[in-house]
Amino acid sequence: MNRAWLLARRRILSSIPVLLIVVIGTFFLLEMASGDAVDAYLVTLGGDAGLAQSLRERYGLDQSALARLWLYAGSLARLDLGFSVAFNRPILDLILERLPNTLWLMGSAIAMAFTFGTLFGIVAGARPGSAADRALSIGSLALYAVPSFWLGLVLSLVFAVQLRWFPTAGIETIASGKTGFARALDIARHLVLPVSALGFIYLALFLRMMRAGMAEVWRQDFVLAARAKGLARRRIVLRHVARNALLPLVTMLGLQAATMLGGSVVIESVFAIPGFGRLAHEAVAARDAPLLMGIIVVSAVLVIVVNLLVDLAYAWLDPRVGSGEASS
Amino acid sequence: MSSFLISRRSLLQGAASALVLQGALLSALPSLAHAEDAPRGGRLIVAADSEPRNLNPAIVASNGVFFIASKVIEPLAEAALDGEGALAPRLATSWEGSEDGLSITFKLREGVTWHDGKPFTSADVAFSAMEVWKPLQNLGRIVFANLDAVETPDDHTAVFRFSAPTPIQLIRNALPVVTSVLPKHLYEGTEIANNPANSALVGTGPFKFAEYKPGEYYRLTRNDAYWGEGQPKLDEIIFRILPDRAAAASALEAGEIQLAAFSQVPLVDLERISKVPGLKVVTEGYEALTYQLVVEINHRNEILADLKVRQAIAHAIDKNFVVDTVFLGFAEAATGPVPQNAPEFYNPETPEYAFDIDKANALLDEAGHPRGADGTRFALRLLPAPFFSETRQFGDYLRQALAEIGIDVQIVANDTPAHLKAVYTDHDFDIAVGSPVFRGDPAISTTILVQSGIADGVPFSNQGGYANAELDAIIAEAAETVDTEARTALYNDFQRIVAEDLPLINVAEWGFTTVASTRVVNVGNNPRWAVSNWADTGLTP
């Protein structure tokens, strides 16, 4: 437990400068894009010069970029994410409202990809070169090559529009009044297609990594020893080969959590899920710098937390990891 | 009336033509009984592609807001296919302007209550006009600029007093858009722009605002105390937020939603979707929401300041090709700054620019821009507005069309805020593709496209540095001409001069399409249908 705490503290402290760089970088990137939040808003309005001016004054957009960055950094230091011009609401409310949907989507996609990727990887890696291995390898390569938005559209056309097994879009049935278990089931039904669209590419990735890792472990001496001992093949595959091949996958899990957050922008739009990725897209389109920075800070924290969990899992899987840090 | 029907018919195309008859029948019946008998009850689920940041139509008079809010908050009058001045009374039952144009008297509907039970009175109208429409509303700031005071001699009479003569024609045409009435008792003494009722709307309309789940839906429920007899028909309307265009079409096909308006189903999908059993494509209901495809011109560019060059560009554009290819037939070639389906103002006798490459080349030669060794005469930067896929596609077409006459066009693609800033604030363009809206009267949002002296940064206005004293004089005179006929005549001149001098080039004009389940009745039965109150819209089982 002590070791875990030390690891966590070290990670959190080292992430503060990262967060700072991310915030400042985002701010200036968005500042370089032409047009501000009032321009984005006026497209729906038209209106006269006085209107634009009064809106800019109201939202402090008439101040210089540095002054605005300073104000924002100040409020962020007080853990206040500020107010969204584009949505006319506090940013914290928006984020808390959208985050759970994305966490569900990403969590399910990662869990699905990791579980099935590992399982199929073990099947393929158990007998490298077998018919099952070849079929799975080709299948995963094909899956890996398909872009997720296209997969999303095709899945929606086939399973929602043609077969009508699943709903086309949304996170749950609108104003259904469902509660408890019925509601959970309803959300699960809505998540099947987006989770598949988002997760399949990672499933393929995990499958291929697992298979490659196992193929390598098979050649190691300790496997030879296990065979010489006369262990059952099943036991060798699961206890010796698969377990050792699993370690790099756990590392990958942490890395993919970040890319998946990017992938959810597209999937959330295709399936009309009010999530974090869609919010980020809307923030850029509306030139809402504080909102985008809020999203990025929270995403960065999310990625840091996931990686911390991965580190802890790693330390648990492989006792050699982290012992050096703990003693320092 | 008949000419109106003809122009509407010509807007309709292909698969939708069967609906013309239905529409013609509907509009031929008297307005009170014009509704098909719709059954009571049911929940209508409609696709919405955006969530307005401020849902209050009295402050933000825009189609995105009206689409949802017009069911809850009512204007004084709504556009109609027939009736006095093509208007249907809503909260006002009659309106009369004084001879001198200094006052307009509205008689208000009696026995109307707000959704919270309080009675609707002239005090609400006076408050809305003086505290909201005139100071805060994007269009009201222009239309009611000269409004001095609103007198309320009794609970059901409101007299608008103007400081300068104000044409009744303008006010009448603006009524559906600028006069959404707010409840004074909820807004008085509060900061109006931040009032919670701007999102949880309270109005007098056929539907009450029930619930908003950000990113998911808006839910409206039946107002049992609505003044319209036997209305509304539906129990519930849900606006489901579907930002992806393909998602709206899929949801319609899967039967999850029953209606998608404002061309949310893209034109390229219409032919396929019109063949899906149980779905219909309706092109009516947008006659008073005409969008115009224009080429905006920066007259600060010396080459473009030459009329011959602008004429050459106009001759190089094959408008019919644009209508058939970019709009797949769901548009009309434009002749000038006022669209053909605004019969009150449209002037058909304006100079036309036939598609003629030879003439365009000759004009450019005359203007002193011979082709260089590589065949090009000069280069221009083109900024196509990103608002519609059609504005972007037309930008691609324009590039090719101008290459034919030796103009080398570079396309600069921006997203919405960047486009607005580049064109309307920084003037960093040579030509741009724009999509202004004709809002029933040229004075509301059309004259501003060519008028001089407009401050930098006003979107959808003349930011091309064009100045024409004759046009400015006509615009100023029309703004104070109370007599309807004289005012209309001034706008005839306005259209002729714009077509002659080409401050901008009008290419096409288009309305939108609605795709609905065949179960939905009374779709598109007024010229602003998508943004009207849907009190007579029903669902058959």
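Predicted, not measured: the structure shown is a model, and the values here were computed from it. (Residues numbered from 1 in each chain as written. Chains lettered and ligands numbered in written order. Predicted model: local features only at pLDDT ≥ 70, side-chain atom pairs only at ≥ 80, totals over all residues.)

Examining the overall build of chain B
Broken down by element type, chain B carries 17 helices and 22 strands. Taking 541 residues into account, the globule formula puts the C-alpha radius of gyration at 24 Å, and chain B, at 23 Å, falls close to it. Each principal axis of the C-alpha atoms in chain B carries an extent, and together these give about 75 × 55 × 45 Å. Buried residues in chain B amount to 55% of all 541 residues. Contacts spanning at least 24 positions in sequence make up 71% of the contacts within chain B whose residues lie at least 6 apart. (Helix = DSSP H or I, 4+ residues; strand = E, 2+ residues; numbered from the N terminus. Rg over C-alpha atoms; globule rule 2.2 N^0.38 Å. Buried ≥ 20, exposed ≤ 12 C-beta atoms within 10 Å, placed from the backbone. Contact = placed C-beta atoms within 7 Å.)

What about the overall build of chain A?
Along its length, chain A carries 13 helices and two strands. Taken along the three principal axes of its C-alpha coordinates, chain A extends 85 × 60 × 40 Å. Expressed as a percentage of the 328 residues in chain A, the buried residues total 37%. Considering only intrachain contacts with a sequence separation of at least 6, the fraction spanning at least 24 residues in chain A is 74%.

Focus on helix 13 (residues 389-404) of chain B
All names here are of chain B. The first and last C-alpha atoms of helix 13 sit 23 Å apart over 16 residues, in line with the 22 Å expected at 1.5 Å per residue. All of the buried residues in helix 13 are Glu390, Thr391, Phe394, Gly395, Leu398, Ala401 and Leu402. For helix 13, the buried positions fall inside an angular range of 145° around the axis, keeping them on one side. Looking at the buried side of helix 13, the elements it contacts are strand 13 (290-297), helix 10 (307-316), helix 11 (319-326), strand 15 (378-384), strand 16 (407-411) and strand 17 (431-434). Just downstream of helix 13, glycine 406 is the residue with a positive phi angle, here 85°. (Expected span 1.5 Å × (residues − 1). Arc of directions from axis to C-beta.)

Things to note about the domain arrangement of chain A
When the parts of a complex come together, some accessible area is lost, and that lost area is often taken as the interface size. All names here are of chain A. For chain A, the domain assignment lists domain 1 (1-86 + 286-328) and domain 2 (97-278). Taken over C-alpha atoms, the centre of domain 1 sits 29 Å from the centre of domain 2. Listed by partner, the interface residues are 11 residues for domain 1 and 10 residues for domain 2. Looking at side-chain class alone, the side of domain 1 that touches domain 2 contains eight nonpolar, two polar and one charged residues. (Domains from an automatic or database assignment. Nonpolar A, V, L, I, M, F, W, Y, C, P; charged D, E, K, R; others polar.)

Focus: the interface of chain A and chain B
Contact with chain A, which involves 41 residues of that partner, is made by 42 residues of chain B. Take the side of chain A that touches chain B: its biggest share by element is five residues, from helix 7 (residues 148-162) of chain A. A per-class count over the side of chain A that touches chain B returns 24 nonpolar, 10 polar and seven charged.

A closer look at the sheet that holds strand 7 (residues 157-162) of chain B
Residue and element names in this part refer to chain B. Spatial ordering of the open sheet is given by 4-5-7-6, a layout of four strands whose pairing is antiparallel. Where the open sheet ends on each side, the last strands, each with one partner, are strand 4 (92-97) and strand 6 (147-154). Strand-to-strand, the axes of this sheet are offset by a mean angle of 20°, without reference to chain direction. The pairing of strand 4 with strand 5 (residues 103-108) spans five bridges and is classified as antiparallel. Within strand 5, the residue paired with glycine 97 across the bridge is isoleucine 104. (Pairing = 2+ DSSP bridges. Axes fitted to C-alpha atoms, helices over the stretch in contact; angles between N-to-C directions.)

With respect to the packing of helix 5 (residues 91-126) of chain A against helix 8 (residues 180-217) of chain A
Residues and elements named next belong to chain A. The geometry of helix 5 relative to helix 8 is characterised by a closest axis approach of 6 Å and an angle of 35° between their N-to-C directions. Where helix 5 crosses over helix 8, the two elements pack in a sense that is right-handed. Split into classes, the residues belonging to the contact of helix 5 with helix 8 amount to 23 nonpolar, six polar and one charged. (Left-handed = near helix turned anticlockwise from the far one by under 90°.)

Some thoughts on the nonpolar core
Judged by nonpolar contacts, the single largest core of 241 residues is most densely connected at B:Val46, B:Val295 and B:Ala508. Broken down by element, the residue count for this core peaks at 15 residues, all from helix 8 of chain A. In terms of domain composition, this core takes at least three residues from each of domain 1 (1-86 + 286-328) and domain 2 (97-278) of chain A. Sequence-distant contacts of B:Val295, defined by excluding residues within four places in its chain, comprise B:Ile313, B:Leu398, B:Ile431, B:Val433, B:Leu504, B:Ile505 and B:Val507. (Core = buried A, V, L, I, M, F, W, Y, C linked by C-beta atoms within 7 Å.)

Topic: the pairing of strand 19 (residues 504-510) of chain B
Residues and elements named next belong to chain B. Of all the seven residues making up strand 19, seven are buried; the element is thus mostly covered by neighbouring parts of the structure. When strand 13 meets strand 19, the two strands line up antiparallel, connected through six bridges. Note that in strand 19 the partner of glutamate 296 across the bridge is leucine 504. Here strand 14 (residues 332-333) pairs with strand 19 via two bridges, running antiparallel. Paired with glutamate 332 across the two strands is glutamate 509, which belongs to strand 19.

Quick notes on the packing of helix 7 of chain A against helix 10 (residues 233-270) of chain A
Residue and element names in this part refer to chain A. Contact pair helix 7 / helix 10: the axes reach a minimum separation of 9 Å and the direction vectors enclose 25°. Put simply, helix 7 runs roughly parallel to helix 10. The element helix 7 and its partner helix 10 pack so that their crossing is right-handed. Contacts between helix 7 and helix 10 involve Ser148, Phe149, Gly152 and Leu153 from the first element and Gly263, Val266, Ile267 and Val270 from the second. (Parallel < 35°, antiparallel > 145°, perpendicular 65-115°, else oblique.)

Details of unusual backbone geometry
Residues and elements named next belong to chain B. For the bond from glutamine 231 to proline 232, the omega torsion is -5°, close enough to zero to count as cis. Position of proline 232 relative to the elements: it lies in the loop between strand 9 (217-222) and strand 10 (236-241). A positive phi is found at phenylalanine 262, a non-glycine position, where the angle reads about 50°. Mapping phenylalanine 262 onto the fold places it in the loop between strand 11 (259-260) and helix 9 (267-274).

Remarks on helix 11 (residues 276-285) of chain A
All names here are of chain A. Across the 10 residues of helix 11, eight count as buried, placing the element largely inside the fold. In this fold, the buried residues of helix 11 make contact with helix 5, helix 10 and helix 12 (289-317). Directly after helix 11, the chain includes arginine 287, whose backbone phi takes a positive value near 55°.

Things to note about the sheet that holds strand 10 of chain B
All names here are of chain B. Spatial strand order, 8-9-10-1-11-20-12: seven strands in an open sheet with mixed pairing. The open sheet has two edge strands with one neighbour each: strand 8 (207-213) and strand 12 (279-282). Pairing of strand 1 (residues 43-48) with strand 11 involves two bridges; the strand directions are parallel. Within strand 11, the position partnered with valine 46 by the bridge is leucine 259.

Points about the environment of B:Asp116
Its place among the elements puts B:Asp116 in the loop between strand 5 and helix 4 (122-136). As for B:Asp116 and B:Lys208, which are separated by 92 residues in sequence, their C-alpha atoms are 9.6 Å apart.

Overview of the confidence of the model for chain B
Residue and element names in this part refer to chain B. Averaged over all residues, the pLDDT of chain B equals 90, while 93% of them reach at least 70. The secondary-structure element of chain B with the lowest mean pLDDT is helix 1 (residues 2-11), recorded at 37, while helix 10 shows the highest, at 97. Overall, residues 1-34 carries pLDDT values under 50, and its contacts beyond four positions in sequence, including any with other chains, amount to 41 contacts. Across the predicted assembly, pTM comes out at 0.86 and ipTM at 0.82. (pLDDT = per-residue confidence, 0-100.)

Topic: the environment of B:Arg161
All names here are of chain B. Along the chain, arginine 161 falls in strand 7. Between the C-alpha atoms of arginine 161 and threonine 446, which are 285 residues apart in sequence, the distance is 25 Å. What arginine 161 contacts, discounting residues up to four positions off in sequence, is Leu102, Ser103, Asp148, Ala149 and Glu151.

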